[in-house]
Amino acid sequence: MRLEHKVALITGGTSGIGEATAVLFAREGARVAVTGRDEVRGRAVARRILEYGGTAIFVRADVRQVADCKRSVDETLHAFGALDILFNNAGVFIPQTALECSEEAWDLQIDINLKGTFLMSKYALPPMIAKGRGVIVNNASGWGLVGGDKGVAYCASKGGVVLLTKALAVDHGRQGIRVNCICPGDVDTPMLPEDAKLRGLEWKTYLAGCENRPMGRIGTPDEIAKAVLFLACDDSSFMTGAALAVDGGGTAD
């Protein structure tokens, strides 16, 4: 129960890493607000938590929209009376080079991955500062630390998330706010098969490429969720401004 009496808000919580983290946080005692654009999946995640005795709500929101970001925080505060943890997880990836990437595709990835992280943090910070404590965990990427093929907009957005994390940590550390980010490698989420499809690769071929890592496999959403939990709880009480690679050694190779 490492998050007992805590309230957590998770963006992009309708599947993959976000869903796994929402479930794990609830099992560790947190009351959880899940946001996303897919209401059916979002309500299913909240229901899954409620069915085994946890506490959760779903807030339909698009992190590209200022009003939605503010409303997500407001509804969390209204439902639970506090906000202790924000996990900025919403993200999108379109595999393209600079020559292939349209302005629309660039804007989509920057707006969801980077601008959304900024906006959610902007509105989550005031109630945290008022309490004198809080935690923000951002989902960056291994490709926020190193470059990747056909990832021009994605790498730019996730590299921005890494340095946004550090800037927030510097600005708000003395107000009791810790801000860190995780940098996952290839993880078994719906994003991976979609990436393979857009690259024109068979799933087996795609997986074979992913196995060319020190640990020889892709990760699971639960493995990433455990890293998020570590950064969200007091086990990491002396960490802020860190970019934690959880990538099977991908950025070490």
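Calculation rules
Residues numbered from 1 in each chain as written. Predicted model: local features only at pLDDT ≥ 70, side-chain atom pairs only at ≥ 80, totals over all residues. Heavy atoms only, no water. Helix = DSSP H or I, 4+ residues; strand = E, 2+ residues; numbered from the N terminus. Rg over C-alpha atoms; globule rule 2.2 N^0.38 Å. Buried < 20%, exposed > 50% of the residue type's maximum accessible area, 1.4 Å probe, protein only. Contact = heavy atoms within 4.5 Å. Areas by Shrake-Rupley, 256 points an atom, 1.4 Å probe, with all protein chains shown as cover. Lys, Arg positive; Asp, Glu negative; His and termini not counted. Charge placed at Lys NZ, Arg CZ, Asp CG, Glu CD. Pairing = 2+ DSSP bridges. Right-handed = clockwise from strand over helix to strand, strands pointing away. Core = buried A, V, L, I, M, F, W, Y, C linked by side-chain atoms within 4.5 Å. Axes fitted to C-alpha atoms, helices over the stretch in contact; angles between N-to-C directions. Expected span 1.5 Å × (residues − 1). Parallel < 35°, antiparallel > 145°, perpendicular 65-115°, else oblique. Left-handed = near helix turned anticlockwise from the far one by under 90°. Nonpolar A, V, L, I, M, F, W, Y, C, P; charged D, E, K, R; others polar.

Visitor: Please give an account of the overall build of the protein chain that cites residues and values.
Guide: Of regular secondary structure, the protein chain possesses eight helices and seven strands. The C-alpha atoms of the protein chain give 17 Å as radius of gyration, which agrees with the globular expectation for 253 residues (18 Å, within 12%). Projected onto the principal axes, the alpha-carbon positions of the protein chain cover approximately 45 × 40 × 35 Å. Looking at the protein chain as a whole, 49% of its 253 residues are labelled buried. Contacts spanning at least 24 positions in sequence make up 72% of the contacts within the protein chain whose residues lie at least 6 apart. Surface exposure of the protein chain reaches about 11600 Å², of which carbon and sulfur atoms provide 53%. Averaging the positions of the 28 positive and the 30 negative side-chain charges in the protein chain gives two centres separated by 5 Å.

Visitor: Residue-level account of the environment of Leu125, with values.
Guide: Within the fold, Leu125 resides in helix α4 (residues 103-131). Under the relative-accessibility criterion, Leu125 is labelled buried at 8%. Placed 118 residues apart in sequence, Leu125 and Val7 show a C-alpha to C-alpha distance of 14 Å.

Visitor: Could you give an account of the pairing of strand β2 (residues 31-36), naming the residues involved and the relevant values?
Guide: Within β2, five of the six residues are buried, which leaves it mostly tucked inside the rest of the structure. Two strands pair when backbone bridges link them, and strand β1 (residues 7-10) and β2 are joined in this way by four bridges, in the parallel orientation. Looking at the pairing, Leu9 lines up with Ala33 of β2. Handedness of the crossover joining β1 and β2 through helix α1 (residues 16-27) is recorded here as right-handed.

Visitor: Tell me about the side chain of Thr35, and name the residues and values.
Guide: Relative to the elements of secondary structure, Thr35 occurs in strand β2. Those residues in contact with Thr35 that sit more than four places away from it in its chain are Leu9, Ile10, Thr11, Gly12, Gly13, Thr14, Phe58, Val59, Ala61 and Ser72.

Visitor: Break down the nonpolar core for me, with residues and values.
Guide: Membership of the largest hydrophobic core comes to 32 residues, with the highest contact counts inside it found for Phe25 and Val32. Sorting the residues of this core by element identifies β1, α1, β2, α2 (39-51), β3 (55-60), β4 (85-88), β5 (134-139) and α8 (221-232) as the ones contributing at least two each. The next biggest cluster of nonpolar side chains, apart from the first, holds 24 residues, and it includes Ala33, Leu83, Leu119 and Ala169.

Visitor: Describe the sheet that holds β4, listing the residues and the values that go with them.
Guide: Strands sit in the order β3-β2-β1-β4-β5-β6-β7 across an open sheet of seven strands; the sheet is parallel. In this open sheet, the two edge strands, each paired with only one partner strand, are β3 and β7 (243-246). Each strand of the sheet is rotated relative to its neighbour by a mean of 20°, with strand direction disregarded. Contacts from helix α3 (residues 66-80) reach β1, β2 and β3, with the element oriented near 150° to β3. Where α8 meets the sheet, it contacts β4, β5, β6 (177-184) and β7, and its direction lies at approximately 165° from that of β6.

Visitor: Just give me the short version of α4, but keep the residues and values in it.
Guide: Across its 29 residues, α4 extends 41 Å between first and last C-alpha, which sits within 8% of the 42 Å expected from 1.5 Å per residue. Immediately beyond the C-terminal end of α4, within one or two residues, lies Gly132, with a positive phi of roughly 80°.

Visitor: Got a sec to walk through unusual backbone geometry? Specific residues and values, please.
Guide: A positive phi angle, close to 70°, is found at His5, a residue other than glycine. Mapped onto the elements, His5 comes out in the segment before β1. Residue His5 is classed as exposed on the basis of its relative accessible area of 64%.

Visitor: Tell me about the packing of α1 against α2, and name the residues and values.
Guide: When two helices pack together, their arrangement is given by the angle between the helix axes and by the axis-to-axis distance. Running from amino to carboxyl end, α1 crosses α2 at an angle of 25°, the nearest separation of the two axes being 10 Å. Here α2 runs roughly parallel to α1, going by the angle between their axes. Where α1 crosses over α2, the handedness of that crossing is right-handed. Facing Glu19, Ala22, Val23 and Ala26 of α1, the residues of α2 in contact are Val45, Arg48 and Ile49. Taken together, the residues of the contact of α1 with α2 break down into five nonpolar, no polar and two charged.

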